[in-house]
Amino acid sequence: MSTAHLTLIGKPGCHLCDDARVVVTTVLAELETEAGAPTVLLEEKSILDDAELHDRFVEDIPVLLINGRVHNYWRIDPVRLHTALLEVR
């Protein structure tokens, strides 16, 4: 079984970040019921706690990384995320 590492980068008080969190957690709940779906580890990071993340992503939050690579920013599409996670090897 494969493992996907998701990193949701945002900041407190960001309504788009809150929306992204809802999409991500909903997709992860759906994946739990699918045979062959990867194990997914979710980590959240704030640009307020990390100067490097702030400099890199301040204009793009929320940003979702899959295994360290940018998957999406601003608005997370649930179908695209679901498909990407099923493709993780």
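Residues numbered from 1 in each chain as written. Predicted model: local features only at pLDDT ≥ 70, side-chain atom pairs only at ≥ 80, totals over all residues. Heavy atoms only, no water.

Which parts of the structure should I look at to understand the pairing of strand 2 (residues 39–46)?
Residues in a regular strand point their side chains to alternate faces of the sheet. Bridging between strand 1 (residues 3–10) and strand 2 involves 8 bridges; their strand directions are parallel. When the sheet's bridge partners are listed, Thr-7 is paired in strand 2 with Glu-43. Handedness of the crossover is the feature at issue here: the chain leaves strand 1, passes through helix 1 (residues 15–31), returns alongside strand 2, and the resulting connection is right-handed. (Pairing = 2+ DSSP bridges. Helix = DSSP H or I, 4+ residues; strand = E, 2+ residues; numbered from the N terminus. Right-handed = clockwise from strand over helix to strand, strands pointing away.)

Explain the packing of aromatic side chains here, please?
Working definition: an aromatic ring pair is given by the centre-to-centre distance plus the angle between the planes. Taken as a whole and assessed by the stated rule, the structure comprises 1 aromatic pair. Measuring from ring centre to ring centre gives 4.7 Å for Tyr-73 and Trp-74, while their planes differ by 75 degrees; the resulting arrangement is edge-to-face. On the basis of relative accessibility, which here comes to 42%, the residue Trp-74 falls in the partly exposed class. (Phe/Tyr/Trp six-rings, centres within 6.5 Å; stacked < 30°, edge-to-face > 60°. Buried < 20%, exposed > 50% of the residue type's maximum accessible area, 1.4 Å probe, protein only.)

So what exactly am I meant to see when it comes to a nonpolar patch on the surface here?
Side chains of Val-70, Tyr-73 and Trp-74 sit close together on the surface and give an oily, nonpolar patch of about 290 Å² of accessible area. Among the secondary structure elements, Val-70 is positioned in strand 4 (residues 69–73). Looking at Val-70, the relative accessible area reads 42%, which means it is partly exposed. (Patch = residues over 30% accessible without salt bridge, like charges linked within 9 Å, V, L, I, M, F, W, Y side chains within 5 Å. Areas by Shrake-Rupley, 256 points an atom, 1.4 Å probe, with all protein chains shown as cover. Salt bridge = Lys/Arg side-chain N within 4 Å of Asp/Glu carboxyl O.)

Which parts of the structure should I look at to understand the sheet that holds strand 4?
Each strand in a sheet pairs with its neighbour through backbone hydrogen bonds, running either in the same direction (parallel) or in the opposite one (antiparallel). Pairing within the open sheet is mixed, and its 4 strands lie in the order 2-1-3-4. Each edge of the open sheet is held by one strand with a lone partner, namely strand 2 and strand 4. Looking at each pair of strands side by side, their axes are set apart by 25 degrees on average, direction ignored. In this fold helix 1 packs onto strand 1, strand 2 and strand 3 (63–66), with an angle of close to 165 degrees to the strand it touches most, strand 1. (Axes fitted to C-alpha atoms, helices over the stretch in contact; angles between N-to-C directions. Contact = heavy atoms within 4.5 Å.)

Help me understand the pairing of strand 1, please; the structure alone is not making it clear to me.
Where burial is concerned, most of strand 1 is hidden: 6 out of the 8 residues are buried. When strand 1 meets strand 3, the two strands line up antiparallel, connected through 4 bridges. Looking across to strand 3, one finds that Ile-9 is bridged to Val-63.

Looking at this structure, how should I read the pattern of salt bridges?
Two side chains carrying opposite charge are able to pair once their charged atoms lie near each other. By the definition in use, this model includes 2 salt bridges. For Arg-21, the salt bridge identified is with Asp-18, shortest N-O distance 3.0 Å. Within this pair, Arg-21 and its partner Asp-18 are both found in helix 1, separated by 3 residues, close to a single helical turn. A relative accessible area of 29% means that Arg-21 is categorised as partly exposed. Given the relative accessible area of 36%, Asp-18 is considered partly exposed. Across the pair Glu-44 and Arg-21 runs a salt bridge whose closest N-O atoms are separated by 3.0 Å. Placement of the pair is Glu-44 in strand 2 and Arg-21 in helix 1, with a sequence separation of 23 residues. Several salt bridges converge on common partners, so that one network encompasses Asp-18, Arg-21 and Glu-44.

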